[in-house]
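Observations on chain architecture
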Amino acid sequence: MPCSPGMRRCRLSCQHRQMVQDYRLARHAAELARETATGGYAAEVADYGPIVTFKAWLQQLAAPSEAA
Ligand SMILES: [Zn+2]
């Protein structure tokens, strides 16, 4: 991966950078969904279980049919 640490020096067109930004959006959406579903209560958040991780998100990209 030719990217600089933290991707600080990546170009706007860098696909790795774009991918990470897409993930951040997906992660943020998942966090909002969890907050809406649980009302933010710690016990309910624990019951809700894990939300999307970068690894899971990448796997979903690679094999959308298996991710469900
Ligand atoms: Zn890059």
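This text gives an overview of the structure that appears in the document. Keep in mind that what you see is a predicted model, and the values were worked out from it rather than measured. (Residues numbered from 1 in each chain as written. Predicted model: local features only at pLDDT ≥ 70, side-chain atom pairs only at ≥ 80, totals over all residues. Heavy atoms only, no water.)

1. A look at the overall build of the protein chain
Put simply, the test is: To qualify as a helix, a DSSP run of H or I must reach at least 4 residues; to qualify as a strand, a run of E must reach at least 2; elements of each kind are numbered from the N terminus. Atoms counted for the radius of gyration: C-alpha only. Globule rule: 2.2 Å times residue count to the power 0.38. When a residue's accessible area, from a 1.4 Å probe over protein chains only, is under 20% of the maximum for its type it is buried; when over 50% it is exposed; and in between it is partly exposed. Two residues qualify as a contact provided that any one of their heavy atoms is within 4.5 Å of a heavy atom in the partner residue. Working convention for charge: Lys and Arg count positive, Asp and Glu count negative, and His plus the chain ends are omitted. Where a charge lies is defined by one atom per residue type, namely NZ (Lys), CZ (Arg), CG (Asp) and CD (Glu).
When its secondary structure is counted, the protein chain shows four helices and zero strands. If you list the helices and strands of the protein chain from N to C, you get α-α-α-α. The C-alpha radius of gyration computed for the protein chain amounts to 15 Å, which surpasses the reference 11 Å derived for 68 residues by more than 25%, pointing to a less compact arrangement than a globule. The principal-axis extents of the C-alpha atoms in the protein chain amount to approximately 40 × 30 × 15 Å. Out of the 68 residues belonging to the protein chain, those deemed buried represent 18%. A sequence separation of at least 24 residues applies to 39% of the contacts in the protein chain between residues at least 6 apart. Across the protein chain, the mean location of the 8 positive side-chain charges is 19 Å away from that of the 6 negative side-chain charges.

2. Description of the nonpolar core
The cut-off we apply is this: Think of a nonpolar core as a cluster: buried Ala, Val, Leu, Ile, Met, Phe, Trp, Tyr and Cys residues, connected wherever their side-chain atoms sit within 4.5 Å.
Counting five residues, the largest nonpolar core consists of Y23, A30, I51, V52 and W57. In this structure I51 touches R27, A30, E31 and R34, once residues within four positions along its chain are discounted.

3. Examining the coordination of the zinc ion
Heads up, the rule is: Here a donor is any nitrogen, oxygen or sulfur atom (N, O, S) within 2.8 Å of the metal, with 3.2 Å used for Na, K and Ca; water is not among the atoms considered, so some sites may look incomplete.
Distances from the zinc ion to its protein donors, C3 (SG), C10 (SG) and C14 (SG), fall at 2.1 to 2.3 Å. Here the donor residues of the zinc ion share one chain and are spaced in sequence as C-x6-C-x3-C. Within this pair, whereas C3 is found in the segment before α1 (15–38), its partner C14 is found in the segment before α1, the two being separated by eleven residues in sequence. The buried category is assigned to C14, whose relative accessible area is 17%.

4. A word on the environment of R17
In this structure, R17 sits in helix α1. In the structure, R17 is positioned 15 residues away from L32 in sequence and 23 Å away in space, judged by C-alpha atoms. Excluding residues that lie within four positions of it along the chain, R17 makes contacts with M7, C10, R11 and L12.

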